[in-house]
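# A look at the structure
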Amino acid sequence: MAGVPGDVRKLFIFATTRNYFGLVSESWDHALLGSGPEINNFLDDGNQMLLRVQRSDAGIAFSNVIEFADTKDKVLVFFKLRPEVITDQNLHNNILVSSMLESPINSLYQAVRQVFAPMLLKDQEWSRNFDPKLQNLLSELEAGLGIVLRRSDTNLSKLKFKEDDTRGILTPSDEFQFWIEQAHRGSKQITKERASYFKELFETIAREFYNLDGLSLLEMVDLVETTRDVVDDVWRQTEHDHYPESRMLHLLDIIGGSFGRFVQKKLGTLNLWEDPYYLVKENVTAGISICEQWVTACSHLTGQVWQRYVPHPWKNEKYFPETLDKLGKRLEEVLAVRTIHEKLVYFSPASDEKIICLARVFEPFAGLNPVQYNPYTEPLWKAAVSQYEKIIAPAEQKIAGKLKNYISEIQDSPQQLLQAFLKYKELVKRPTISKELMLERETLLARLMDSVKDFRLDFENRCRGIPGDASGPLAGKNLSEVVNNIVWVRQLELKVDDTIKIAEALLSDLSGFRSFHRGAEDLLDQFKLYEQEQFDDWSRDIQSGLSDSTSGLCIEANSRIMELDPNDGSLKVHYSDRLVILLREVRQLSALGFVIPAKIQQVANIAQKFCKQAIILKQVAHFYNSIDQQMIQSQRPMMLQSALAFEQIIKNSKAGSGGKSHITWDNPKELEGYIQKLQNAAERLATENRKLRKWHTTFCEKVVVLMNIDLLRQQQRWKDGLQELRTGLASVEAQCPLMWQSKWEGPEDPLQYLRGLVARALAIQNWVERAEKQTLLSDTLDLSELFHPDTFLNALRQETARAMVCSVDSLKFVASWKGRLQEAKLQIKISGLLLEGCSFDGNRLSENEHDSPSVSSVLPCFMGWIPQAAYGPYSPDECISLPVYTSAERDRVVININIPCGGNQDQWIQCGAALFLKNQ
């Protein structure tokens, strides 16, 4: 079928070609119409499936095959769906059109990613009928093409890694995936380690960027701040080769693009003109914040911070994401339009609401999506805003007076006046209302001038003081003096900046504005001079300290890492706290935009290199120096061996197999091994201490439980509790000193102790019965039957004092073997006393015979409390005061009593004479 100039088939091909390549001159029409037989072959031959159109410097070329050289220029391809001759009837049903840009890999990847994968994998109808295996293959094809594209070099002739080629990096997720792939497929180990390092840095934000659609606008605000920190860390890293500047520039650009598209997509779900104002304001404000934060971050990093970062300075011009900035400004205009309308409604009477009804006011914006900013929509937007302003002009005229009256009522209060202007800022900016509020704006300007004077006075009064003092800068947390002072003055700068911005927005047409602005700018210059002075003073002090070995700022790589202080035995790490502070100061001052002198930066880099190990060693040293305070005193002997083993590791900090030299900072392998040994030893000691403390607490708790058991009615419970104690004690018996075990009251034999316990319990019941019958003091008593005999004797003393109407301090304790005490109001007859070291027959002490028992019984006696002035049964000269102990172990004294000895007191002291209660 021969074609003619009026052939609709050729006209279709020519029109598509002309539009695709942008051919507008008539000369191109003649070139197309005069084309060769390739078009006829494609249209008239059912077996010819393809027509390729390519534009080059020589003109338009047609071909029926795809050549490898086609990758250099733009290519348009027509191909058939079925092997048929093209007719007027099947023209639009049998021809498919495709284009190729940059490379066939890129074209195929984008077609799969943007068109076919979403349709076949996500669309419910198509994915339901699409074989799952084919779905997996399609996903793998997309992923594989992406990998190939990200690893292609600039001429695309070989699949070779080149970092400067970012044409395959279209989104932040592509960049993150690039480093993941490099970490696994890098050609060299050092390349893999570098890629792994970047991968780990990006992991902080990678998950959020993979799932951007799941975030809210407020969550995205947080992500912007986190992203800023991550890219800063990536740029500043010094562990590996620097991140390429061209790649970082591209990354900043695509991140900004992702933020912009996210904002547009989220706000596109709202009806910005009809949805409630609070909802629109909240979302649009968040969108503005996202745009502003990223624009500010890029400008600050590439314009200040990175340009001053000596190890890796930014060499290009400051990067400014212009498109994102203009999107933010468009959103500000949208919010201003809604806010102005809201304020107009607020001030307009109900009868005038029809003037500013939604349907009419926002009519100029009908059919216009305000969040879709680009150069083509800007004229349409401006025209709509202009028409909107004409519609609201009559309403503005009406409410200008009302707003004036409202502000006039509060202009005597500077704070309220400022808040009112800020609240109605959008209205005040309107020319009609601004003119009406001329006097009120003059008043606000005067108030702002007073504020600037107050800022100046506050600064001059505090700038030379000590942070935290009443006459010094306000103090922040965890800030050194230099950083604190700079942060404080930066806060003042922000206040002055805010004042200037308010004045520029609302008062720039007033006669006094220029004078105000000049004074505020002078104050800002004064602040900046103070900042620089603080930084210069700090720099001089630090550089001076670097030459002083006692300043704590010097760290030598070949010096010992730690040693024991010979004076107090404490463990000291040769990495001073001043170095830690210096690192923090360098990091904070760099973040504040200061260029750190090279000498200080070098020291900080060295200190940073060993900081991680130093912190661990300081933790170990603190543990070593304070472990004794964490131990229970009675348990210290139990931990002696572990403590000595720990100390031995500290003392033997030798490097190498021979152990001839001490471990130093510049021996990382030996240092890591030594730190590991220290940590293991410290952990063993800490674990042992925790175990012993836990057992100590457990024993105490179980003893308290035993103390509350009724031995007569709950004997089995008592036995079970006692068995638990024995089991627990057995687990630490190897470490437990005998002296520590003997701290438990009673004999070491638990059975004997239990017998005594039960005997005392039964005896106490007998005492209670006699006390109830009021026969207790008339019977002979055995003090060994009591758990606390000293408490009983003290109670007798108190009762005697009440009976004699005197103080307890005016009484003394006496015992008599002659008979009853004449001076005692209350007295008791005591039996069951034992004497060790000598014998007593009721009249006086005597030495033991060689066959006498070491312990003998003492005859019953009367005991009681009498006045201090009373003589008593015996003369003091013929008596000796002997202690009465609760047991033969002599570990607890009940009371001291005078016993007749015949006058030679030293004799009985030397023989160790003492009384004690008999065992139950």
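An unreviewed UniProt entry lists the protein under the name Dynein cytoplasmic 2 heavy chain 1, with Moschus moschiferus given as the organism.

### Here we look at the overall build of the protein
From N to C terminus, the protein includes 30 helices and 19 strands. A buried classification covers 42% of the 920 residues belonging to the protein. For the protein, the share of sequence-separated contacts (at least 6 apart) that also reach a separation of at least 24 residues comes to 66%. Carbon and sulfur atoms provide 51% of the accessible area of the protein, an area that totals close to 50,000 Å².

### A word on the pairing of strand 16 (residues 861-867)
Within strand 16, 6 of the 7 residues are buried, which leaves it mostly tucked inside the rest of the structure. Direction of pairing for strand 10 (residues 811-816) relative to strand 16: antiparallel, over a ladder of 6 bridges. Counterpart to Ser-816 in the pairing with strand 16 is Phe-862. Note that strand 11 (residues 827-831) and strand 16 share 4 bridges and pair antiparallel. Within strand 16, the position partnered with Ile-830 by the bridge is Cys-861.

### Quick notes on the sheet that holds strand 2 (residues 59-63)
Sheet architecture is open: 4 strands sit in the order 2-1-3-4, paired in antiparallel fashion. In this open sheet, the two edge strands, each paired with only one partner strand, are strand 2 and strand 4 (95-100). Going from strand to strand, the sheet's axes swing by 20° on average, the running direction of each strand aside. Here strand 3 (residues 75-80) pairs with strand 4 via 6 bridges, running antiparallel. Looking across to strand 4, one finds that Phe-78 is bridged to Val-97. Each of strand 1 (50-56), strand 2, strand 3 and strand 4 touches helix 1 (residues 8-21); the most contacted strand, strand 3, lies at about 150° to it.

### Concerning the packing of helix 11 (residues 245-267) against helix 12 (residues 277-305)
Closest axis-to-axis distance for the helix 11/helix 12 pair is 10 Å, and the angle between their directions is 175°. By the angle class used here, helix 11 and helix 12 are roughly antiparallel. In contact with Leu-252, Ile-255, Gly-256, Phe-259, Phe-262, Val-263 and Leu-267 of helix 11, helix 12 contributes Asn-283, Val-284, Gly-287, Ile-290, Trp-294, Cys-298 and Thr-302. Residues of the contact of helix 11 with helix 12, tallied by class, amount to 10 nonpolar, 4 polar and no charged.

### Side note on the environment of Val-620
Here Val-620 lies in helix 23 (residues 598-630). When its relative accessible area of 5% is taken as the criterion, Val-620 is described as buried. Ignoring sequence-local partners within four residues, the contact set of Val-620 consists of Phe-646, Leu-678 and Gln-679.

### A closer look at the nonpolar core
Counting residues in each nonpolar core, the largest one holds 109 residues, and the members touching the most others are Met-248 and Trp-294. Ranked by residue count, the leading element in this core is helix 12, at 12 residues. Those residues in contact with Met-248, other than ones at most four positions away along the chain, are Val-231, Val-234, Trp-235, Tyr-243, Trp-306 and Trp-314. Membership of the second largest hydrophobic core comes to 50 residues, among which are Val-482, Val-586, Leu-589 and Ala-682.

### Focus: the confidence of the model for the protein
Note: predicted coordinates in regions of low pLDDT should not be interpreted at a detailed level. Confidence in the prediction for the protein averages 81 pLDDT; 86% of positions are at 70 or higher. Note on residues 153-160: pLDDT under 50 across the span, and 18 contacts to partners over four residues away in sequence or across chains. In the model, residues 745-749 has pLDDT below 50 throughout and makes 7 contacts with residues more than four positions away in sequence or in other chains.

### Details of the pattern of salt bridges
Applying the stated rule across the entire model yields 24 salt bridges. Residues Asp-458 and Arg-462 are paired through a salt bridge, measuring 2.8 Å at the closest nitrogen-oxygen approach. Here Asp-458 pairs with Arg-462, and both are found in helix 19 (residues 438-462), just 4 residues apart, close to one helical turn. What makes Asp-458 partly exposed here is its relative accessible area of 28%.

### Here we look at helix 16 (residues 414-423)
By the burial criterion, the buried members of helix 16 are Leu-417, Leu-418, Ala-420 and Phe-421. Taken end-on, helix 16 shows its buried residues confined to a sector of 160°, consistent with a single buried face. Buried residues belonging to helix 16 abut helix 15 (378-410), helix 17 (425-429), helix 19 and helix 20 (481-506).

### Here we look at the packing of helix 19 against helix 20
One can describe the packing of helix 19 onto helix 20 by two numbers: an axis separation of 11 Å at closest approach and a directional angle of 165°. On the basis of their axis angle, the class for helix 19 and helix 20 is roughly antiparallel. Note on packing geometry: the crossing formed by helix 19 with helix 20 is left-handed. Facing Arg-441, Leu-448, Val-452, Phe-455, Asp-458, Phe-459 and Arg-462 of helix 19, the residues of helix 20 in contact are Trp-488, Val-489, Leu-492, Lys-495, Val-496, Thr-499, Ile-502, Ala-503 and Leu-506. Per-class residue counts for the contact of helix 19 with helix 20 are 11 nonpolar, 1 polar and 4 charged.

### Details of the pairing of strand 17 (residues 879-885)
The element strand 17 is extensively covered by neighbouring structure, given that 6 of its 7 residues are classed as buried. Both strand 17 and strand 18 (residues 893-900) contribute to a ladder of 7 bridges, which runs antiparallel. What sits directly across from Pro-883, in strand 18, is Asn-896. Bridge analysis of strand 17 against strand 19 (residues 914-917) gives 2 bridges, and the strand direction is parallel. The partner of Val-884 across the bridge, within strand 19, is Leu-915.

### Some words on unusual backbone geometry
Its identity as a non-glycine residue notwithstanding, Gln-774 has a phi of 60°, on the positive side. Along the chain, Gln-774 turns up in the loop between helix 28 (750-772) and strand 9 (780-782).

### So, the side chain of Ser-299
By the secondary structure assignment, Ser-299 is in helix 12. In this structure the side chain of Ser-299 is engaged in a polar contact, spanning 2.9 Å, whose partner is the backbone oxygen of Val-295. Look past the residues within four positions of Ser-299 in its chain and what remains in contact with it is Gln-304, Lys-318, Tyr-319 and Phe-320.

### Re the environment of Tyr-874
The topology assignment puts Tyr-874 in the loop between strand 16 and strand 17. Accessibility expressed as a relative area gives 9% for Tyr-874, which makes it buried. Considered as a pair, Tyr-874 and Trp-817 are 57 residues apart in the sequence and their alpha carbons are 9.8 Å apart. Discounting residues that sit within four places of it in the chain, Tyr-874 has contacts with Ala-815, Ser-816, Trp-817, Lys-818, Gly-842, Cys-879 and Pro-900. Reaching out from Tyr-874, the side chain makes a polar contact with the backbone nitrogen of Trp-817 at a distance of 2.9 Å.

### Describing the packing of aromatic side chains
Per the stated rule, a full pass over the model turns up 32 aromatic pairs. Taking the centre distance of 5.2 Å and the plane angle of 90° together, the rings of Phe-198 and Tyr-243 count as edge-to-face. Here the residue Phe-198 occupies a position in helix 9 (residues 189-210), and Tyr-243 occupies one in the loop between helix 10 (217-236) and helix 11, the gap between them amounting to 45 residues. Each member of the pair, Phe-198 as well as Tyr-243, carries the same accessibility label: buried. Taken together, a centroid distance of 6.1 Å and an interplanar angle of 80° make the contact between Trp-488 and Tyr-530 edge-to-face. With a gap of 42 residues between them, Trp-488 in helix 20 and Tyr-530 in helix 21 (residues 513-546) connect regions that are remote in the sequence. Residue Trp-488 is classed as buried on the basis of its relative accessible area, which comes to 3%. Through pairs of rings, three or more aromatic residues link up here, namely Phe-176, Phe-178, Trp-179, Tyr-197, Phe-198, Phe-202, Phe-209, Tyr-243, Phe-259 and Trp-294. When the ring centre of Tyr-20 is taken as origin, the NZ or CZ atom of Lys-74, which lies over that ring, is 4.9 Å away. The ring of Tyr-309 has Arg-236 lying over it, and the distance from NZ or CZ to the ring centre is 4.9 Å.

Thresholds applied
- Residues numbered from 1 in each chain as written.
- Predicted model: local features only at pLDDT ≥ 70, side-chain atom pairs only at ≥ 80, totals over all residues.
- Heavy atoms only, no water.
- Helix = DSSP H or I, 4+ residues; strand = E, 2+ residues; numbered from the N terminus.
- Buried < 20%, exposed > 50% of the residue type's maximum accessible area, 1.4 Å probe, protein only.
- Contact = heavy atoms within 4.5 Å.
- Areas by Shrake-Rupley, 256 points an atom, 1.4 Å probe, with all protein chains shown as cover.
- Pairing = 2+ DSSP bridges.
- Axes fitted to C-alpha atoms, helices over the stretch in contact; angles between N-to-C directions.
- Parallel < 35°, antiparallel > 145°, perpendicular 65-115°, else oblique.
- Nonpolar A, V, L, I, M, F, W, Y, C, P; charged D, E, K, R; others polar.
- Core = buried A, V, L, I, M, F, W, Y, C linked by side-chain atoms within 4.5 Å.
- pLDDT = per-residue confidence, 0-100.
- Salt bridge = Lys/Arg side-chain N within 4 Å of Asp/Glu carboxyl O.
- Arc of directions from axis to C-beta.
- Left-handed = near helix turned anticlockwise from the far one by under 90°.
- Polar contact = N/O pair within 3.5 Å; in protein donor to acceptor, adjacent residues only side chain to side chain.
- Phe/Tyr/Trp six-rings, centres within 6.5 Å; stacked < 30°, edge-to-face > 60°.
- Lys NZ or Arg CZ within 6 Å of the ring centre and 35° of its normal.

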